[in-house]
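Structural overview for review
Okay, here's what each chain looks like letter by letter:
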Amino acid sequence: MSRFRPIDRQTDYLLPPSVQDWLPESHLARYVVDVVEALDLSALTRAYAGRGSDAYHPAMLLSLLIYGYATGTHSSRKIERATYDSLAFRFIACDQHPDHDTLASFRRRFGAQFADAFVQVLQVARENQLSRFGTVSLDGTKIHANASRHSALSYGHAEKIEAQLKAEVQEMLKLAEAADQRSVPEGVDLPAEIRRREERLAAIAAAKAKIEARAKERFEREQAEYEAKMATRRTKEATGKKPGGKPPKPPQAGPRAQDQINLTDDDSRIMKVAGGGFEQCYNAQAVVDTESMLVMAPHVTQAGNDKEQVEPMVARIQALPEGLNQPQRLLADTGFFSEKNVELCQQGDIEPLIAAGRDAHHPHWLDRFEEPAPLTGPASHVEQMRHALKTKAGRAAYALRKQTVEPVFGIIKSVMGFRQFLLRGLDNVRHEWTLVCLAWNLKRMAVLRPQ
């Protein structure tokens, strides 16, 4: 006769339960709480006025958000529900249940303070000797904006719709002024129809103004680049040298017909994504330590191209506290290569290993064991870098790039489930990406800590 344990949901506990008994000692939620509560969160606590009912402590709300992003629970509504359904969330919240409005408001209000918590967590990693932070990898990934590409409006299409709506408004005004309105279809509310079109015209006018402002900024930037190129050509001609290539074309002022703006999140951009196609995205950048796989500097840009991102990312690294701000080597793929970027790294005492082009597929097996001939005579920094990438040591160092920064993006998207921003607007998106990278760092540090 089989024996089973009894099913009993009615007997009361003889002693009150303790939240400390809910989770094992090595649980990620415990680690997140331990680290966050050891941080200096005075900038957050000072922001509370002290009026009204008692507020939830910022350390608890920040821990809930970090653990939520680390485990794939990003929505404030889902986090609120998890404080009832999940022991880990109940442990972090001390069996309290902050509502989704409180969580969402905290995330929006204190987004700028997440960067300070991010840096403090990196200092914890350094103090615990989780890495020497010597070699770092830089890469970017496209993450969907909280907007559809079908909500995008081009300047040319906006002008067509604007002309059509104006014509419809004039037609309806004539019908409204006519003494005999029997030609108006039954059920049509002319004032409401006119008001709806006027609202759309106002929205289109605002969108066109933003596109025109962007076009003006682009023209000023392209005009400065054009004048710099022409000055270089004139300098060569003055020395008797013939400048190579065709002369650059002067930029055209004003918006182009294909210039677009998204009506849902006008800071996002149409970008080419992996696998083909175009989506409404942001370009999320990260500098990752190759030894520990910790993100050292997160950033988000509207530019789909990575070439201009080396300078701001190097500046972010150098702004970190002592011990974190001077990596010895920076690895990046060919999308980041330019002579300017190589010189920038050299000026910052960082050895650049940036792929200057794509390697040929299926090289001869002997190529992996050969050393290039040494450089003869003076060589530029780009030539020195190209030579270093051909050496065994350079190839081995550059190979670390694929096994550090790309797996981090893969885990963030596939394991942590973060494929689309919840917030809108460039500043809010940057704060959310910092929160995502902060969650990744704590998740990674929990694995690296001595067991």
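Scroll up a little and you will see the structure.
These numbers come from a predicted model, not from an experiment.

In this section: unusual backbone geometry. Even without glycine at this site, Cys94 takes up a positive phi of about 55°. Among the secondary structure elements, Cys94 is positioned in the loop between helix H5 (87-92) and helix H6 (100-109). With phi around 55°, Phe133 is a residue other than glycine that occupies positive phi space. Inspection of the secondary structure assignment puts Phe133 in the loop between helix H7 (114-127) and strand S1 (135-144). Here Phe133 falls in the buried class, since its relative accessible area comes to 3%.

To continue, consider a nonpolar patch on the surface. A cluster of nonpolar side chains, contributed by Trp365, Leu366 and Phe369, occupies part of the molecular surface with about 330 Å² of accessible area. Overall, the relative accessible area of 53% leaves Trp365 in the exposed class.

Let us look at the nonpolar core. Among the nonpolar cores identified, the biggest contains 96 residues, and Leu62, Ile66 and Trp433 are the most heavily contacted of them. No other element matches helix H15 (residues 426-448), which puts 12 residues into this core. Non-local contacts of Ile66, meaning those with residues more than four positions away in its chain, are made with Val32, Val36, Leu435, Leu438, Ala439 and Leu442. Ranked by size, the runner-up nonpolar core spans 15 residues in total, among them Tyr155, Leu190, Leu201 and Ile261.

Turning next to the state of the cysteines. Disulfide: a covalent bond connecting the sulfur atoms of a pair of cysteines. Taken as a whole, this structure holds zero disulfides when the rule is applied. Left unpaired, Cys281 is separated from the closest cysteine sulfur, that of Cys437, by 16 Å.

This paragraph deals with helix H1 (residues 28-37). Of all the 10 residues making up H1, eight are buried; the element is thus mostly covered by neighbouring parts of the structure. The set of residues buried in H1 consists of Leu28, Ala29, Arg30, Tyr31, Val32, Val33, Val35 and Val36. Tucked inside the fold, the buried residues of H1 contact helix H3 (58-70), H5, H7 and H15.

Calculation notes
- Residues numbered from 1 in each chain as written.
- Predicted model: local features only at pLDDT ≥ 70, side-chain atom pairs only at ≥ 80, totals over all residues.
- Heavy atoms only, no water.
- Helix = DSSP H or I, 4+ residues; strand = E, 2+ residues; numbered from the N terminus.
- Buried < 20%, exposed > 50% of the residue type's maximum accessible area, 1.4 Å probe, protein only.
- Patch = residues over 30% accessible without salt bridge, like charges linked within 9 Å, V, L, I, M, F, W, Y side chains within 5 Å.
- Areas by Shrake-Rupley, 256 points an atom, 1.4 Å probe, with all protein chains shown as cover.
- Salt bridge = Lys/Arg side-chain N within 4 Å of Asp/Glu carboxyl O.
- Core = buried A, V, L, I, M, F, W, Y, C linked by side-chain atoms within 4.5 Å.
- Contact = heavy atoms within 4.5 Å.
- Disulfide = S-S within 2.5 Å.

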